[in-house]
Amino acid sequence: MTEATASEPDERVLGRRWTVRLDPAGRGSTAVRVSCSRPACAEQRLPSAAVGRAAAVEHLKSHLRAVAGPRTGAYCACRAENCHTHISAADRQQGVQPWRCGGAVVLAVLSDRQGRWWQAMECCARCAAATPGAKVVTTTPLPCGPEAGSPATADRPPTAPAGAPRFSDTSPPAAGRRNVPAPRSSPSPRARPHGKIAQRVVPHDLRPAVLRDELVELGDLFRAYQKRTEPDLALLADLHERKARAFTTWAEATGDPALQQEARRAEQAAATARSQHLQRTGLGADADGPAVSRLLNAPAQWEHVRSVLAHVADHSPLPGPDARLLVLMLTLRTAHTGTDNVVGQDITALGLTDPQDLLEKLTDCGWLVVPGTVEDLLASRPESPTAVTVPSLAPREDGSGPFTFGRKTRPRLSGWAQRIVSDKKLRKARATAGTHLLALTLATRTNGSGRLGPDDRGVALSSLTAAIPVDPGELPRLVDQLTAAGWLTEAALTDSHLTGRLTERVLPLTCPLPQPDRAGQAG
């Protein structure tokens with residue numbers, strides 16, 4: 001039989017191909033759209049990527065269920081495109097390995113690793129086996145006819161049975177069950193050599209054997225750590241310490257100065273990871289108490305909270321503590337896109353004197369935009385929230401805004417502030433807006449143990465009055481309210497500072513300040 005090239009015309013029908021894609025629905029949104037290459041399939045819009053992937057896979061399965069299977073007379077869809085899925089352009093141009101299609105027509109399914117598209121196509125068994133990640137779903141049925149080797153067929157040249165696909169393999173398919181080549185597994189990054197650590201191969205003849213085993217195990221542990229979904233800085237510090245000891249021994253055994261340098265880098269990495277772990281857990285280098293499980297557990301989040309408080313203090317459109325607290329909570333809700341859904345309970349739970357009047361003033365000055373009336377906003381319920389907008393927080397044309405945190409961090413910051421404002425003991429004590437603002441401010445002005453100020457010397461009154469728009473003579477009353485509510489202890493007001501510490505029960509809500517460099521101060 002004359003071999004046919006991939007570009008040779010063929011009278012058979014071209015193999016079918018369906019592609020289902022998953023794409024973002026728009027910028028700044030988690031919604032996705034699912035589209036199919038078949039013109040009759042309508043586009044779907046779904047709320048998240050997980051839901052979209054499930055819908056895309058189900059859509060492709062519906063196509064597979066709707067078809068009876070691969071057609072015996074179909075032309076290989078992969079070959080029609082010069083087998084680009086499994087042969088590089090250089091090989092096709094240079095003719096390094098001429099490819100021959102062959103085998104039964106199959107229905108194969110393949111997808112990309114990122115889960116962005118899924119494809120089903122009719123192709124030959126060889127192309128399906130050679131295509132990375134392709135899985136054969138069904139195969140063409142066996143042709144009906146005389147058995148091979150019968151007298152009726154003994155005199156005939158070896159040709160393909162009637163109705164069977166005509167590929168360039170040298171002999172027709174034998175009677176009986178067809179063996180479809182198993183699909184090749186998806187290409188993966190080149191397997192790491194056994195016994196590799198820090199881009200170095202551990203020699204198989206390294207002695208002592210205990211050192212070789214330790215290096216091999218450490219390499220495996222570091223690679224396993226890189227696959228973790230959540231960091232564990234204490235574990236990482238231990239690994240770097242073990243690596244430093246192992247590389248020091250390796251350098252002494254081989255006399256390689258580069259290994260000694262790697263050991264010193266591992267020691268520095270261990271110290272850095274240990275310091276970060278202590279900072280995240282709220283323990284200083286000399287602390288011996290239990291770790292604090294904070295609602296916001298990353299120093300970057302603590303800095304974001306302080307940036308929001310500073311922004312509200314500088315850009316609040318109305319005077320007074322009630323207006324400042326309302327502006328702060330709405331800013332945290334709309335910080336990422338300038339818009340968010342709010343219900344009436346979100347406003348009334350703040351304990352403001354006249355929330356309706358404040359909302360009307362904020363809308364009159366243009367700082368806040370609501371689709372209806374203020375009364376509608378205060379009456380809205382969770383099943384029908386109101387989308388409010390703060391124009392000054394909307395991203396600019398270049399995508400930048402007043403804050404640098406992302407959409408995943410924003411609800412964490414807003415939840416932190418809501419947790420403080422809704423504290424049961426503060427609500428029981430009928431805390432005012434000024435007291436809530438003082439609680440929010442002091443939570444961001446402590447060290448790791450809850451002492452006010454970065455160096456235990458307290459918080460300057462000038463910074464407190466800038467963050468809390470009350471008369472300085474009102475501060476003692478607010479401090480007494482926090483003390484009575486079990487929020488603050490050992491409080492003392494001087495002419496310039498407020499000293500004391502936050503109680504143990506509110507330590508999880510604190511955002512510790514960066515600690516000063518004591519070594520630098522000593523020098």
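Everything numeric here is computed off the predicted structure, so don't read it as measured data.

**Details of the packing of helix α9 (residues 299-315) against helix α14 (residues 409-421)**
(1) Moving on: Remark: α9 packs on α14, axes separated minimally by 11 Å, with the N-to-C direction vectors making an angle of 65°. Between α9 and α14, the angle falls in the class roughly perpendicular. Between α9 and α14 lies a crossing of right-handed hand. Across the interface between the two elements, Q301, H304 and V305 of α9 pack against T409, R412, L413 and W416 of α14.
(2) Moving on: The residue makeup of the contact of α9 with α14, split by class, is 3 nonpolar, 3 polar and 1 charged.

**Examining the sheet that holds strand β4 (residues 105-111)**
(1) Moving on: Within the open sheet, the 6 strands sit side by side as β3-β2-β1-β5-β4-β6. Their pairing is antiparallel. Each having just a single partner strand, β3 (44-46) and β6 (135-139) make up the two edges of the open sheet. Direction aside, neighbouring strands of the sheet carry axes that sit 20° apart on average.
(2) Moving on: The sheet contact formed by strand β1 (residues 17-24) and strand β5 (residues 117-124) spans 5 bridges and is antiparallel. Residue pairing for β5: W18 is matched across the bridge by A120.

**Re the nonpolar core**
(1) Moving on: Residues L325, L326, L368, W416, L442 and W487 are the most contacted members of the largest nonpolar core, which totals 66 residues.
(2) Moving on: Per-element tally for this core: the top contributor is helix α10 (residues 321-334), with 8 residues.
(3) Moving on: In contact with L325, other than residues within four places in its own chain, are L350, L352, V421, A433, H436, L437 and L440.
(4) Moving on: If you look at the next biggest cluster of nonpolar residues, it comprises 20 residues, including V202, L215, Y225 and F247.

What counts and how
- Residues numbered from 1 in each chain as written.
- Predicted model: local features only at pLDDT ≥ 70, side-chain atom pairs only at ≥ 80, totals over all residues.
- Heavy atoms only, no water.
- Axes fitted to C-alpha atoms, helices over the stretch in contact; angles between N-to-C directions.
- Helix = DSSP H or I, 4+ residues; strand = E, 2+ residues; numbered from the N terminus.
- Parallel < 35°, antiparallel > 145°, perpendicular 65-115°, else oblique.
- Left-handed = near helix turned anticlockwise from the far one by under 90°.
- Contact = heavy atoms within 4.5 Å.
- Nonpolar A, V, L, I, M, F, W, Y, C, P; charged D, E, K, R; others polar.
- Pairing = 2+ DSSP bridges.
- Core = buried A, V, L, I, M, F, W, Y, C linked by side-chain atoms within 4.5 Å.
- Buried < 20%, exposed > 50% of the residue type's maximum accessible area, 1.4 Å probe, protein only.

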